[in-house]
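Read off the chains here:
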Amino acid sequence: MSKEPRKYPVMPLRNTVLFPQQVIPIYVGRDRSLKLIDDLPSDAKYIVVVAQEEGSIEEPKPEDLYAYGTLALVLKVFDMPDNSKSAIVQGLDRVKILSYPNQDPYYEAMVSVLHDDTPEDDLKLDAQTQKLRSLFGELIQIAPYLTEEHTGMLSNIQKPSKLADKTISLLNIPNAEKQNILEELDIKKRVEKAVEILNREMQRIRLGEEIQSEVQDEISKTQREYYLREQLKAIKKELGEDEGAAEFGELEEKIEKAGMSEEAEKIAKKELSRLEAIPTQSPEYTVSRTYIEWLVDLPWSKASDDTVNLDDANKILDDDHYGLDKVKERILEYLAVRALKEEKDPGSGMRGPILCFAGPPGVGKTSLGRSIARSMGREFVRISLGGVRDEAEIRGHRRTYIGALPGRIIQSLKKAGTNNPVFMLDEIDKLGMDFRGDPSSALLEVLDPEQNSTFSDHYLEVDFDLSKVMFIATANYQDPIPPALKDRMEILDFAGYIEDEKIQIAKRHLIPKQVEENALTKSDVSFNVSAIREIINSYTREAGVRNLEREIANVLRKVARDKVKSKKGKIKLSNKKVNEYLGAPRFYSDIAERTTKPGVVTGLAWTAAGGDILFIEASKMKGKGNLTLTGQLGDVMKESATAALTYVRSHTDILGLPEDFNSKTDIHVHVPAGAIPKDGPSAGVSMFTAIVSLLTEKPVATKVAMTGEITLRGNVLPIGGVKEKVTAAHRSGVRTIILPDHNRKDLEDIPEHILKDLSIHFAKEMMDVIDVALPGINGKKRGKKTKKTNSRAKKTS
């Protein structure tokens, strides 16, 4: 039941819920509340106290206050030194706030006073009330904030409603739970909710005690272990068996013998002094000791002696690898300079070269690094950089991180045991980068001869001299290597092997290795040269020799099977036997049959696997002058075809073509294979020749290949990858090659035994190409003849 609504001033409370019959002190500090206290009449100091839903709000609005509060009487007011006040208030009745007619200078609300629903005699309510008393008695025993005095307070309360209010008001529970009890008018439900809250509070306290007990037990156990260890140390010290002192003495001796730099030795000794003060069971002890062990294990002054005899070094290089003369020459030059330097100024040392082997897969870049180390008498270490994306892989992690270690550079030097190994950075073109940093930028310091003498690893935090290390990087592509990193390295290009070189490599290295791996001997099997050549030409198409080795292994496995089955004697492998073992040839040279028709030209291309040949096919049909281009061509290649057709149309008189051919003819240019994307300007010459051959209906001369960029003025511009392209043409059986005149200098890189088989022509303009590829076309006479070279011409030039 409720009486008629009346207006009372409202005082919001931050973290308190006032129950009827409860007397509490409240702190009055907000301006509104102070004004409210000052304006209270002396004879009737009634206010409504209501809790805020969120205690952190400084100036609550009506919607920030609960809808139910307590009518209270202000018993006494005290002035505080900081101009605030403190009031003693007593709760009288529950009220429901209906509205806030006034909000200034403080809230005034229309409220209706609420009364509890008086229940009839109820056995269940009596039982719940008794349960409430019993639980509160148990709670007093375990709750640190309750005392036996509180039991006496409850013993005088008989009414269940007042008992529930008093019990909840004494608990340290959230305001929301207290407010829930305040708003409950059904006495039976109020007592049930109070019992539930008491049960939950008891569970919380007991669980907290269990956790505290477990923590205390763990602390006691740790302290006990500490005391026992200290006692054990004291006993050992008395017996003269102090392990710690012996251990520190051993570390100090290692520091003295490590041959560190002055800075590193100073830091190591300082860390050792710090280590002596750290208890052995502390995690910091392990971190500090690991750091000292890394410092003493590094090869600060330990170096291997380089080979002085150049003939021995050259013999090792030749035994391990066939060809690669430029690289071998560079290594021997380094050894020669070092030998001279040692002779004139012993012990002066010499910076290690920083090389980069760039070339297609399978040409021996990585294995040559190991061979170089053997020829120089140095240790060899290798790290693969493929897919590395974290800068800490190079420089290491700082010691503040758990499980920190030095970077892979320092780790590898520790593994090598010397400060001048041959250090191979494999697949440097496949470095990545992400949010963890850019490893290629970290390598700038490693590979800079001016900086790497003071290389700083994040873990060591002392300078380490890398200048004596011979760094060799390997890459398949040069383009992905950042320019700043490429600038620090001496690039040595590895071209693809030609047929003769592959035959020698197979005879010297691949066949003996695979014979042994397949449990055979020289008396069981032999290859003749024609069999090796058949495998190279018909079953592999690569710049390197990896697939060649696989096919040789394939043949030898079948030989081993035949030996086991039929117990045959020595098996001699010929062309026929290779075809029998490996099946139908996978590759064949189709230059002759494909270039016998007008409109088909052999071009030269550069790929990641080395050079290759490609065919440009042109076909014509009746039409209106449209040009169709297919074969997954890039924009640059399409523009080359358009430029070639434009040149043909503008020089019909020289080429002997009708001036109006374009108005009646559609031309289709296709570049197989259609599934492989192609681009670049070097096919311009080939497209021009294909269109001229098609329109004049004359086939291109046999076994002729060409490459070069064209212009609308008829000039032939230089291209790249000459060595790879010429090698590929030689491998495919081409005997005549047309190159731009500006590429004449690139012939120096091509081995002599390739040039002797080829007739190479140089073209300054497009009509020079026609004279070689399509002889007999009646064009306008030009003063200059096509320039031609062969092995003899090269010698004289």
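Thresholds, definitions, all that
- Residues numbered from 1 in each chain as written.
- Predicted model: local features only at pLDDT ≥ 70, side-chain atom pairs only at ≥ 80, totals over all residues.
- Heavy atoms only, no water.
- Salt bridge = Lys/Arg side-chain N within 4 Å of Asp/Glu carboxyl O.
- Helix = DSSP H or I, 4+ residues; strand = E, 2+ residues; numbered from the N terminus.
- Buried < 20%, exposed > 50% of the residue type's maximum accessible area, 1.4 Å probe, protein only.
- Axes fitted to C-alpha atoms, helices over the stretch in contact; angles between N-to-C directions.
- Parallel < 35°, antiparallel > 145°, perpendicular 65-115°, else oblique.
- Left-handed = near helix turned anticlockwise from the far one by under 90°.
- Contact = heavy atoms within 4.5 Å.
- Nonpolar A, V, L, I, M, F, W, Y, C, P; charged D, E, K, R; others polar.
- Pairing = 2+ DSSP bridges.
- pLDDT = per-residue confidence, 0-100.
- Core = buried A, V, L, I, M, F, W, Y, C linked by side-chain atoms within 4.5 Å.
- Patch = residues over 30% accessible without salt bridge, like charges linked within 9 Å, V, L, I, M, F, W, Y side chains within 5 Å.
- Areas by Shrake-Rupley, 256 points an atom, 1.4 Å probe, with all protein chains shown as cover.

A. Fine view of the pattern of salt bridges. For the coordinates displayed, the defined rule picks out 40 salt bridges. For the salt bridge of E265 with K269, the shortest nitrogen-to-oxygen distance reads 3.2 Å. Placement of both E265 and K269 in helix α8 (residues 262-277) is noted, with a separation of four residues, approximately one turn of the helix. The exposure class of E265 is partly exposed, given its relative accessible area of 22%. By relative accessible area, K269 is classed as partly exposed at 32%. A single salt-bridge network, built from bridges that share partners, covers E271, R274, E284, R399 and E461.

B. Looking closely at the packing of helix α10 (residues 310-320) against helix α12 (residues 365-376). Close contact between α10 and α12 brings their axes to 8 Å; oriented N to C, the two are set at 155°. Between α10 and α12, the interaxial angle falls into the category roughly antiparallel. Every pair of crossing elements has a handedness; the one defined by α10 and α12 is right-handed. Contacts between α10 and α12 involve A313, I316, L317 and D320 from the former and S371, I372, R374 and S375 from the latter. For the contact of α10 with α12, the residue count by class is four nonpolar, two polar and two charged.

C. Structural view of the sheet that holds strand β12 (residues 470-475). The strand order across the open sheet formed by five strands is β8-β9-β12-β7-β13, and the pairing between neighbours is parallel. Each end of this open sheet is capped by a strand with a single partner; those strands are β8 (380-384) and β13 (490-493). Ignoring which end each strand starts from, the neighbouring axes of this sheet average 20° apart. By the bridge criterion, five bridges tie strand β7 (residues 354-358) to β12 in an arrangement that is parallel. Note on β12: the bridge partner recorded for I354 is F471. Across the face of the sheet, helix α14 (residues 408-416) comes into contact with β8 and β9 (422-426) while running at roughly 150° to β8.

D. Main features of the confidence of the model for the protein. In the predicted model, the protein carries a mean pLDDT of 84, and 94% of its residues have values of at least 70. A low-confidence stretch, residues 780-797 stays under pLDDT 50, and its non-local contacts, those more than four residues away or across chains, total 36 contacts.

E. Summary view of the nonpolar core. Grouped together as the largest cluster of nonpolar side chains are 51 residues, with contacts concentrated most on L425 and I428. No other element matches the six residues that helix α9 (residues 283-297) contributes to this core. If near-sequence neighbours (up to four positions away) are discounted, I428 is found in contact with L385, L443, L447, A473, T474, A475, I481, L485 and M489. Formed by 50 residues, the second largest nonpolar core is a distinct cluster that contains L335, I472, I511 and A531.

F. Highlighting the packing of helix α22 (residues 635-650) against helix α25 (residues 684-696). Relative to each other, α22 and α25 sit at 45°, their axes nearing to 8 Å. When the interaxial angle is binned, α22 and α25 end up oblique. The crossing of α22 and α25 is right-handed. On α25, the residues touching M637, S640, A641, A644, L645, Y647 and V648 of α22 are G684, M687, F688, I691, V692 and L695. The class makeup of the residues in the contact of α22 with α25 is 11 nonpolar, two polar and no charged.

G. Representation of the environment of K563. The residue K563 is located in helix α19 (residues 546-566) in this model. A relative accessible area of 18% places K563 in the buried class. Put simply, K563 and V525 are 38 residues apart on the chain and 9.8 Å apart in space, counted from C-alpha to C-alpha. In this structure, K563 is in contact with L520, D524, K568, G569 and I571, ignoring residues within four places of it in sequence.

H. Local environment of the environment of Q103. Assignment of secondary structure puts Q103 in the loop between β5 (85-102) and β6 (108-114). Look past the residues within four positions of Q103 in its chain and what remains in contact with it is R32 and P62.

I. Geometry of a nonpolar patch on the surface. A cluster of nonpolar side chains, L207, I211, V215 and I219, forms an exposed patch at the surface whose accessible area comes to about 340 Å². Among the structural elements, L207 can be located in helix α6 (residues 187-238).

J. Structural context of the pairing of strand β1 (residues 6-13). When you tally the buried positions in β1, you get six out of eight residues, the bulk of the element. In this structure, β1 lies alongside β6, joined through four bridges in antiparallel fashion. What sits directly across from P9, in β6, is E108. Alignment of β1 against strand β3 (residues 46-51), held across four bridges, turns out to be parallel. Each bridged residue has a counterpart across the sheet, and for M11 the counterpart in β3 is V49.

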